[in-house]
Amino acid sequence: MVEKIDNLIIKSEPFYAIEDTELLNGIAGLHQDADLRILCLTRFGICEETMTLLEAQKIDIDCLKKMRFEDVDALFEGRLLGPKIHFREALIAWRTEIGLPMKSLRMMSGRKRPAEQEIQPIRSVRALNSNNGIDSANVNSTTTASDGYKSKSVPKIQYNTFPWPMTPEILKDILSSCTMGRLILQSGELGSLEKAFQSQLTAIVIDYHMEYDLKITAMQLENYARCITTLFPHENKNTYHIPRGPARRNPGGSLYSRFINQKISKKALAIGSGVAAPI
């Protein structure tokens, strides 16, 4: 239809709605593919080969938001380890930033569903702590199981009942044997550990070590850090162990610091009691 207003000629064209569903989906798919490539190539910094792999497996941004560690393993099965590590670490960082931390089906399988979880009465906390080797005298009667991690006391665990040396499986068994350890395991499923949990985890590992050995080597520190980061993929190895180097006379990280502090404390106690402390 053509209309003439003053000296202007206006031509109106009819509007036809697009009813082709496949065409609409194709247009939307093009945008999603473009967004995926931008995210992966610029934000993740992955190589073109990994990008091709994602596209071949029909993985979009929504899939990236739901991916678990097992999915990454399956995606890179039989492929080079380097690209897998780059992709996994970039995905972990991105998921943490958007508030959807990566999870593992293996770690979640041992957890109860919310409907199956029961709130333990306050009076049962003392008995639960007693059964798991925690000194009940250090636990306030009003403390609940959910805020028990705030206590600075280290769980009393019979470390000599666990094999030596440590492996990720042994570390998990040790943590599963006490209330504090189970809280740490549950927190680790959701993301990086809070500093309070990192401190408790470090104390448990070093107490285990000192049950068997009064000295510690660089290889042992490296093994403990590896066990921790294997069991808790969100944790940073440098938090627990930094090897000595040209600019570092002694190892860094919480493990070595805890070991030195414990050694000094034991020596002070030995001197106070008149007993020679082992060197």
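Anything mentioned here points back to the structure above.
First things first, this report covers the structure right here in the doc.

Parameters and conventions
- Residues numbered from 1 in each chain as written.
- Predicted model: local features only at pLDDT ≥ 70, side-chain atom pairs only at ≥ 80, totals over all residues.
- Heavy atoms only, no water.
- Salt bridge = Lys/Arg side-chain N within 4 Å of Asp/Glu carboxyl O.
- Helix = DSSP H or I, 4+ residues; strand = E, 2+ residues; numbered from the N terminus.
- Buried < 20%, exposed > 50% of the residue type's maximum accessible area, 1.4 Å probe, protein only.
- Axes fitted to C-alpha atoms, helices over the stretch in contact; angles between N-to-C directions.
- Parallel < 35°, antiparallel > 145°, perpendicular 65-115°, else oblique.
- Contact = heavy atoms within 4.5 Å.
- Nonpolar A, V, L, I, M, F, W, Y, C, P; charged D, E, K, R; others polar.
- Phe/Tyr/Trp six-rings, centres within 6.5 Å; stacked < 30°, edge-to-face > 60°.
- Core = buried A, V, L, I, M, F, W, Y, C linked by side-chain atoms within 4.5 Å.
- Expected span 1.5 Å × (residues − 1).

So, about the pattern of salt bridges. All chains considered together, the criterion is met by seven salt bridges. One salt bridge connects R43 with E97, and the closest N-O pair in it is separated by 2.7 Å. Separated by 54 residues along the polypeptide, R43 in helix 1 (residues 21–44) and E97 in helix 5 (residues 81–97) bring together distant segments of the chain. With relative accessibility at 32%, the residue R43 sits in the partly exposed group. Take E97: its relative accessible area is 57%, and that puts it in the exposed class. We note a salt bridge from K66 to D62, for which the minimum N-O separation is 3.1 Å. With K66 and D62 both in helix 3 (residues 61–66) and four residues apart, the pair spans about one turn of that helix.

Turning our eyes to something else, we now look at the packing of helix 8 (residues 168–176) against helix 9 (residues 179–190). The relative placement of two packed helices is expressed as an angle between their axes plus a distance between the axes. Put simply, helix 8 and helix 9 touch, their axes get as near as 6 Å, and they point 120° apart. Here helix 9 runs oblique to helix 8, going by the angle between their axes. Only G181, R182 and L185 of helix 9 make contact with helix 8, whose side of the interface consists of K172, L175 and S176. Class assignment for the residues of the contact of helix 8 with helix 9 results in two nonpolar, two polar and two charged.

What follows concerns the environment of L171. For L171, the location among the structural elements is in helix 8. Since its relative accessible area comes to 0%, L171 is described here as buried. Considered as a pair, L171 and I204 are 33 residues apart in the sequence and their alpha carbons are 9.2 Å apart. With near-sequence residues (within four places) excluded, L171 lies in contact with M166, L201, V205, C227, I228 and L231.

This brings us to the packing of aromatic side chains. On inspection of all chains with the given rule, the structure shows seven aromatic pairs. On the basis of an interplanar angle of 70° and a centroid distance of 6.2 Å, the ring pair of F44 and F87 is categorised as edge-to-face. Taken together, the residues F44 in helix 1 and F87 in helix 5 connect sequence positions 43 residues apart. When sorted by exposure, F44 lands in the same class as F87, which is buried. Of the aromatic side chains, those joined through ring pairs into one cluster are F44, F76, F87 and W94.

Here we take up the nonpolar core. In terms of nonpolar packing, the biggest core is built from 33 residues, with L171, I174, L201, F232 and L255 touching the most fellow members. Every element with two or more residues in this core is listed here: helix 8, helix 9, helix 10 (195–212), helix 11 (218–231) and helix 13 (254–272). Sorting elements by how many residues they give to this core places helix 10 first, with seven residues. Excluding anything up to four places from it in sequence, L255 contacts T202, V205, I206, L221, Y224, A225, I228 and Y240. In this structure, C40, F44, W94 and M102 belong to the second largest nonpolar core, which totals 21 residues.

Right, let's talk about helix 11 for a bit. Along an α-helix, a turn takes 3.6 residues, which lines up residues three or four apart on a common side. Here helix 11 is 14 residues long and its end C-alpha atoms lie 20 Å apart, about the 20 Å a rise of 1.5 Å per residue gives. Taken residue by residue, helix 11 has Q220, L221, N223, Y224, A225, C227, I228 and L231 as its buried positions.

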